[in-house]
Amino acid sequence: MKTPLYSIGILRTPLPRTGKWVALALLSIMAHGEASACDACNVVFGRELQSERAGSLAAADLQAAAQNQSGLPLDGLGSGAFKFDGVSASNPPIQDAEAIADSAEVTMVGEVPMPVVTPASRWAPTVAPGNKPYDTVPEEWKDDPNIEIIERDYNLPIPATSYVPQSTKPDKSFTIELAEGKVYIGNGVVYDGFVTNGTIPGPMIIVDEGDIVAFTVVNKGTIPHGASIHAAYTQTSKYLGKIGPGESRRVVFRVTQPGVYLYHCAPGGHAIPMHVLFGQYGMMVVKPKKEPYLMDKVMGKAPDLELYLVQHEYYASGKDAIEGNALYTTFNGKLFRYVEDPIKVRPGDFVRIYFLNVGPNLLSTFHIVGITWDYVYWQGHPKAAWPGGQSVTAGPTDSWVMDFRIPPDEGAYTMLSHAVGSTARGAIGLLVASNDAETPAEVSSQGIAYDNAEMESILAKATRVISPFKPTNYDAVARYAPGTKEVTVSIIGNSYWPKVIEIEPGTTVTWINEDAFTYLAGEFAGIHNAMSMGGELEPFSTPLLAHAESASHRFDEVGEYEYMCAPHPYMIGKIIIKESVIQATDASGKSSGMDTGWLLPLAAGAFVVALLSLYRSQRYSTNPNS
Ligand code: CU
Ligand code: CU
């Protein structure tokens, strides 16, 4: 076999057979373009299930799933990933990858591209005039194979489902663009994750009860994305699940239940929670048409201000995301957005808040200091009206509409989640009432968009960048006691934990896969590995790991590695291998290396300095003029 000219040089070293397959799969990824990344790894893993892993419990479970799912309409969930009897059309045969390894000139770059997304031009629905909602079954639907069910539903005393034939002409059309990208979230912090139209939350979508809606999803990223639309009371997975890079898909449905809804990325299986945790979501409101909100009747008018508010979280690692340890909690994308830029109202204004707690993990108890509600409507449905109350309780994806009046007094009304850990992390804003204010008619829930030039300038000044799946200046280097020769790295939430480790030469690193969701492969299942991304050191690659499986590699050379996951190329980890400054002590307690006798006087000196500075700061704080 000819030596291929790729800098990663992974096949130059003897690898476990499965590790070599992963390397081959990656070559296939590079040669075929990003679109085939997941599919190539699916092929590798599917083959392993029938060879090395045959007889394992994981193989038995996944084979049972493949059999039980066989023939079911599971399009969009990536269910066809693990073929046990050959390679499907969408999964390129592994022979391709071998051929590429033999012949190709491929240059592996050290960094997986994570472009800053330029926001789309001002986003607006296109409305087809004169195409009114209807309550009778149109003549042209008569050929639908389920026409009897459709006719039954249109004759029930409750709204029909959202189903319409896909050829139906829409009243309103929307297009969202999904990609990986960065957003500025305030307080000097940039978030590097996944975005919708370049923002978090994505665009706000407003429709009227009864509208026929065409929802188009364009994948502008380098990995599969997709969409789930909670306002649609019909099948959407098969139309919008798992959309490859550069592809776009569309679904047409009728909105039949007024309310406040979530839409989010949903590329199938394990990737659905991942892409929600990483930031791809937005608010969709179906405004009531048949019956208005009670408060409109009471007040005899529409609200003076309609405030669309999404509460959501940012995570700095996959582990934190899975465990619900939010680093920040915000309203509409930016920390303290409406403290920085208060929403101005007049005393006496009739205010309506459309509130959605995206989560994805935390509970919100939304409250406004100085306000009790006139009416709240559960999930925003006008018939689900309750009077009074101080707060609304919303778990992840729960929503409310709240109606109230600004009292006849000037001053600030503070909006917050009264689960006050979230308040302190950014979920707080101000409604400020003054008699000369010009109340805005609407405040959108969409996050703030930045173009490439603006983002570059923000990045140059940012004090912190956070990312759930790759190391940033926020991530501390994990160091171990001198002499540690065994280190474990968890793989959880499509992220390595710790993301950056510093070890001594001769240390064995074991990666263990803590992601449990291997079914419905989606963007790609919760199957991971670790493989070096080039550089001067000897390359390494582990096999693909199913849940609870682990693989180890011993590092003897001093230097640094960046490594990645073959199925999820945005997952990045780092290993620094260097000699420890402080040597391990031997069994007798004596230092086996460097003399540490100098440490005691140094510590004593530091103690004296600390005492002195404490004394000085005490003086200044009690008498600032001295
Ligand atoms: Cu996505
Ligand atoms: Cu992975």
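Keep in mind it's a predicted model, so treat the numbers as computed, not measured.

Basis of the calculations
Residues numbered from 1 in each chain as written. Chains lettered and ligands numbered in written order. Predicted model: local features only at pLDDT ≥ 70, side-chain atom pairs only at ≥ 80, totals over all residues. Heavy atoms only, no water. Donors = N, O, S within 2.8 Å, 3.2 Å for Na, K, Ca; no water. Tetrahedral: all angles 85-135°; square planar, octahedral: opposite > 155°, others 65-115°. Buried < 20%, exposed > 50% of the residue type's maximum accessible area, 1.4 Å probe, protein only. Helix = DSSP H or I, 4+ residues; strand = E, 2+ residues; numbered from the N terminus. Core = buried A, V, L, I, M, F, W, Y, C linked by side-chain atoms within 4.5 Å. 1 Å grid on protein atoms, 1.4 Å probe; cavity = no way out; pocket = protein on both sides within 12 Å on 5 of 7 lines; lining within 4 Å. Points joined across faces, edges and corners; volume = space filled by probe spheres on them. Nonpolar A, V, L, I, M, F, W, Y, C, P; charged D, E, K, R; others polar. Arc of directions from axis to C-beta. Contact = heavy atoms within 4.5 Å. Patch = residues over 30% accessible without salt bridge, like charges linked within 9 Å, V, L, I, M, F, W, Y side chains within 5 Å. Areas by Shrake-Rupley, 256 points an atom, 1.4 Å probe, with all protein chains shown as cover. Salt bridge = Lys/Arg side-chain N within 4 Å of Asp/Glu carboxyl O. Lys, Arg positive; Asp, Glu negative; His and termini not counted. Charge placed at Lys NZ, Arg CZ, Asp CG, Glu CD. Phe/Tyr/Trp six-rings, centres within 6.5 Å; stacked < 30°, edge-to-face > 60°.

## Remarks on the coordination of the copper ion (ligand 2)
Around the copper ion (ligand 2), the protein contributes the donor atoms His528 (ND1), Cys565 (SG), His568 (ND1) and Met571 (SD), at 2.0 to 2.7 Å from the metal centre. Each of the four donor atoms around the copper ion (ligand 2) contributes to a set of angles spanning 91 to 131°, which defines the coordination as tetrahedral. Spacing between the donor residues of the copper ion (ligand 2) along the chain follows H-x36-C-x2-H-x2-M. On the basis of relative accessible area, Met571 is assigned to the buried category, the value being 0%.

## Quick notes on the coordination of the copper ion (ligand 1)
With distances of 2.0 to 2.1 Å, the protein atoms coordinating the copper ion (ligand 1) are His225 (ND1), Cys265 (SG), His275 (ND1) and Gln280 (OE1). Each of the four donor atoms bound to the copper ion (ligand 1) contributes to angles spanning 101 to 129°, and the resulting shape is tetrahedral. Binding-site remark: the copper ion (ligand 1) is held by donors from one chain whose sequence spacing is H-x39-C-x9-H-x4-Q. Within this pair, whereas Cys265 is found in the loop between strand 8 (259–264) and helix 7 (271–277), its partner His275 is found in helix 7, the two being separated by ten residues in sequence.

## Structural notes on the nonpolar core
In terms of nonpolar packing, the biggest core is built from 61 residues, with Ile185, Ile466, Tyr496, Trp511, Phe555 and Ile575 touching the most fellow members. Membership of the second largest hydrophobic core comes to 27 residues, among which are Val351, Met402, Phe404 and Met415.

## A closer look at empty space enclosed by the protein
Considering all chains together, one arrives at three cavities of 30 Å³ or more under this definition. Reported here for the second largest cavity is a volume of approximately 40 Å³. Around the second largest cavity sit Val183, Tyr184, Ile200, Tyr314, Asn332, Gly333, Lys334, Arg337, Gly447 and Ile448, which together line it. Class assignment of the residues belonging to the lining of the second largest cavity gives a composition of five nonpolar, three polar and two charged.

## What about helix 5 (residues 147–154)?
Turning to helix 5, its buried residues number three or more, namely Ile147, Ile150, Asp153 and Tyr154. The buried residues of helix 5 occupy an angular sector of 125° when projected down its axis, which confines them to one face. In this structure, helix 5 carries Glu148 and Arg152 as exposed residues pointing more than 90 degrees from its buried face. Buried residues along helix 5 sit against strand 7 (248–254).

## Re a negative patch on the surface
A surface patch of negative charge is lined by Asp409, Glu410, Asp436 and Glu438. Among the structural elements, Asp409 can be located in the loop between strand 18 (399–405) and strand 19 (411–417).

## Notes on the packing of aromatic side chains
Taken as a whole and assessed by the stated rule, the structure comprises 24 aromatic pairs. Note on Phe194 and Tyr570: the rings are 5.4 Å apart at their centroids and 80° apart in plane angle, and the pair reads as edge-to-face. Of this pair, Phe194 sits in strand 3 (residues 189–196) while Tyr570 is found in the loop between strand 30 (559–564) and strand 31 (572–577), placing the two residues 376 residues apart along the sequence. Considered together, Phe194 and Tyr570 belong to a single accessibility category, that of buried residues. Measuring from ring centre to ring centre gives 5.8 Å for Trp386 and Trp400, while their planes differ by 55°; the resulting arrangement is tilted. Placement of Trp386 in strand 16 (residues 385–387) and of Trp400 in strand 18 is noted, with a sequence separation of 14 residues between them. Connected via pairs of aromatic rings, a cluster forms that spans Tyr496, Trp511, Phe540, Phe555, Tyr561 and Tyr563.

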